[in-house]
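# Notes for the structure review
As a plain string of letters, each chain reads:
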Amino acid sequence: MRSSTPMTQDAAVATAASRRLSLEEIVSYCRRRGFIYQASEIYGGINGFWDFGPMGAELKRNIKQTWWEDMVTRHNPLVAPAGTPSPFEMTGIDSSIIQHPQTWRVSGHSDLFSDMMVDCHETKKRYRFDHLAGRWIKDREGNPLFIAAAPDAPDADAFLDQRARKLLGISKSREVVWDSPLTDLAELDDFANVLAPHASEKGTLTEPREFNLMFKTYIGAMQTAADAAFLRPETAQGIFLNFRNVLDSGRFALPLGIAQIGKSFRNEITPRHFIFRSREFEQMEMEFFCPPETSHQWYKYWQQRRLDWYLDLGLRRENIRVREHEASELSHYALGTTDIEYAYPFMADGEFGELEGIANRGAFDLNSHSMGRLAKADPPELALDENGAPLHRGSGKNMVYNDVARGEKYVPYVIEPAAGADRALLAFLCDALEIEKLGEGGGEDSERAVLHIHPRLAPVKAAIFPLVKKEGMPEAARDLFGAMKRKWNVTYDEKGSIGRRYRRADEVGVPVCITIDDETISQGTVTVRDRDTLEQQRIKLDDCPAYLDKLIEG
Ligand code: GAP
């Protein structure tokens, strides 16, 4: 009996008909296929924390590795990219999560890294003040009532209409007549007539209170106030603290980018939308130190380069937007900020959420860590307390760079592309995961779930199958698997029909399936089947590593 790989196993080549998944479907897929689980799930979960399973850990590792390669190790410091003033150097560090507490006073995080929040006495829910909005209506007695929408409701108007109908007994055949358009809670004088989202009584919201987003901990056993420290809310500060160390120990010249990947922690008031806003997450940040007059050129360069990174790795252009911040939105340190935003599936049509921010931080951070917390960055001016003394003292260390090539001395300006590994993972998953129609006729073979993830990011790079469990095929497949495993994360699967094995591989984004059949035994060739085009071709068994290498690296 001939047992070569059936060339029509995928039915028809995928038709154009495919659909993206909702966030709920993505959450369920992630759990089912071992990408992401709720942290401490067996104890009921813990809000704002997530665990990455076998597939998710690989995917996240690949995102970080790809970022590091593209930013640091593959960078050529001898060539100036088109449109930039000069070549530049890149390097990386790995700093502590806990730094000296003065770091956060001087950086502004102790004073300014906070959100106003309100609590609901009745439902015990906590909301970010600036996330609450609602509409005025008359209650059954004709008194004014402000109904607040749940901030996570996909459609605030639909949520409010539904609440009003239920509370005021308005039938579906009648229109709900509101007394105001959607109004921010911040515009109200008091909350006595406010009905909080999901509450049954009005007037249950507290006054807004400031809530610092840093996680506090203690160093040592005594746990006195003097031992307090904080888990870093961003990786950036570890780079500023080490700027002089890196410069002095590495024989680097400016412009110089220092990259870092690591965990950050923010006690977010309303962690939500799956891993989009969590309390523990990973950042991929780079601080690019350059001469002040060149900073705008570099700011533009990094905007384009970071956008290209996402596009090159497969995000669809129509799902990405680049948005420059209004002056009123800028953080205390920023001279300018641009967000790369993605159309996450939990957002309404036409809306986008932050994926990465690129900021021109000027010399704010280096000056602050040298002089003390600044009130004004340009020219630098110290923030003073009520007695006229510096509000928070700096280290006193000199951050002036002696630029021999330019014949100048200056405190460098900093351009910062700040990305989130978790948000990038979410965007790549949302963009790549599709349900595809393979043909008419219904039934389980008429559609497939497929993750069209870029091969560099794919958690598993290849799946190796013996066509049947006899005639020497499993042995040959295992040999190939053992050889390929030395370099790549590949899988071996001999269970079920070849069609089912393809489906399992497609669903987790394996770019290529390699089937060992009788022609492998007789002629030393295998069938390789492409995840995206479904095309199959025969190649030499010995060419498998080179084939996979080309597929991943292009
Ligand atoms: N050093 C600048 C900085 O930290 P940011 O905009 O606050 O800037 C940078 O954070 C990136 O970190 C964001 O674009 C996002 O990708 C990620 N990020 C921030 N907060 C996050 C959270 N609570 N959960 C997941 N990712 C977050």
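Calculation notes
Residues numbered from 1 in each chain as written. Predicted model: local features only at pLDDT ≥ 70, side-chain atom pairs only at ≥ 80, totals over all residues. Heavy atoms only, no water. Pairing = 2+ DSSP bridges. Helix = DSSP H or I, 4+ residues; strand = E, 2+ residues; numbered from the N terminus. Axes fitted to C-alpha atoms, helices over the stretch in contact; angles between N-to-C directions. Phe/Tyr/Trp six-rings, centres within 6.5 Å; stacked < 30°, edge-to-face > 60°. Buried < 20%, exposed > 50% of the residue type's maximum accessible area, 1.4 Å probe, protein only. pLDDT = per-residue confidence, 0-100. Contact = heavy atoms within 4.5 Å. Expected span 1.5 Å × (residues − 1). Core = buried A, V, L, I, M, F, W, Y, C linked by side-chain atoms within 4.5 Å. Parallel < 35°, antiparallel > 145°, perpendicular 65-115°, else oblique. Left-handed = near helix turned anticlockwise from the far one by under 90°. Nonpolar A, V, L, I, M, F, W, Y, C, P; charged D, E, K, R; others polar.

### Focus: the sheet that holds strand E27 (residues 490-492)
Read from one edge to the other, the open sheet built from 5 strands follows the order E27-E26-E28-E29-E30, with strand pairing classed as mixed. Of all the strands in the sheet, the pair left with one neighbour each is E27 and strand E30 (536-540). Taking each pair of neighbouring strands and ignoring which way they run, the sheet shows an average axis angle of 25°.

### Observations concerning the packing of aromatic side chains
Applying the stated criterion across every chain yields a total of 27 aromatic pairs. Ring geometry for Phe88 against Phe288: centres 5.2 Å apart, planes inclined by 85°, an arrangement best described as edge-to-face. You can see Phe88 sitting in the loop between helix H2 (54-73) and strand E4 (89-92) and its partner Phe288 sitting in strand E15 (residues 280-290), a full 200 residues away along the chain. Looking at Phe88, the relative accessible area reads 1%, which means it is buried. With a centroid separation of 5.2 Å and an interplanar angle of 65°, the aromatic rings of Phe276 and Phe346 are classed as edge-to-face. Here Phe346 lies in the loop between strand E17 (336-342) and strand E18 (353-362) and Phe276 lies in the loop between strand E14 (256-265) and E15, a separation of 70 residues in the sequence. Residue class for Phe276 comes out buried when judged on its relative accessible area of 10%. Here the aromatic cluster, defined as three or more aromatic residues joined through ring pairs, consists of Phe88, Phe288, Trp298, Tyr301 and Trp302.

### Focus: the confidence of the model for the protein
If pLDDT is low for a region, its predicted coordinates should not be looked at in detail. Taken as a whole, the protein shows an average pLDDT of 93; of its residues, 96% reach a score of 70 or greater. Predicted confidence is poor over residues 11-16, with pLDDT under 50, and the contacts of this stretch with residues over four places away or in other chains come to 10 contacts.

### Observations concerning helix H9 (residues 364-371)
In terms of burial, H9 is largely enclosed, as 7 of its 8 residues are buried. Restricting attention to buried positions, one finds in H9 the residues Phe364, Asp365, Leu366, Asn367, Ser368, His369 and Ser370. Those residues of H9 that are buried lie in contact with helix H3 (102-107), helix H6 (236-241), helix H7 (243-250), E15, E18 and strand E19 (374-376). After H9 finishes, the residue Gly372 shows a positive phi value of roughly 130°.

### Side note on helix H10 (residues 421-432)
The first and last C-alpha atoms of H10 sit 16 Å apart over 12 residues, in line with the 16 Å expected at 1.5 Å per residue. Of all 12 residues that make up H10, 12 are buried, and the element is covered over most of its length. Along H10, the residues that are buried comprise Ala421, Asp422, Arg423, Ala424, Leu425, Leu426, Ala427, Phe428, Leu429, Cys430, Asp431 and Ala432.

### Notes on the nonpolar core
One finds Phe35, Trp302, Tyr310, Phe428 and Ile514 to be the most contacted residues of the largest nonpolar core, which totals 104 residues. For this core, the element with the highest residue contribution is H10, accounting for 9 residues. Beyond its immediate sequence surroundings of up to four residues, Tyr310 is in contact with Leu315, Ile320, Ile340, Leu355, Glu356, Ala419, Ala424 and Phe428. Within the second largest apolar cluster, 28 residues are counted, among which are Phe146, Ile170, Leu185 and Ala196.

### Side note on the packing of H2 against helix H8 (residues 295-312)
The N-to-C vectors of H2 and H8 enclose an angle of 140°; their axes lie 12 Å apart at closest approach. Classified by the angle between their axes, H2 and H8 sit oblique to one another. Judged by the sense of rotation from one axis to the other, the crossing of H2 with H8 is right-handed. On the side of H2, the interface is formed by Ile63, Thr66, Trp67, Asp70 and Met71, while H8 contributes Trp302, Arg305, Arg306 and Trp309. The class makeup of the residues in the contact of H2 with H8 is 5 nonpolar, 1 polar and 3 charged.

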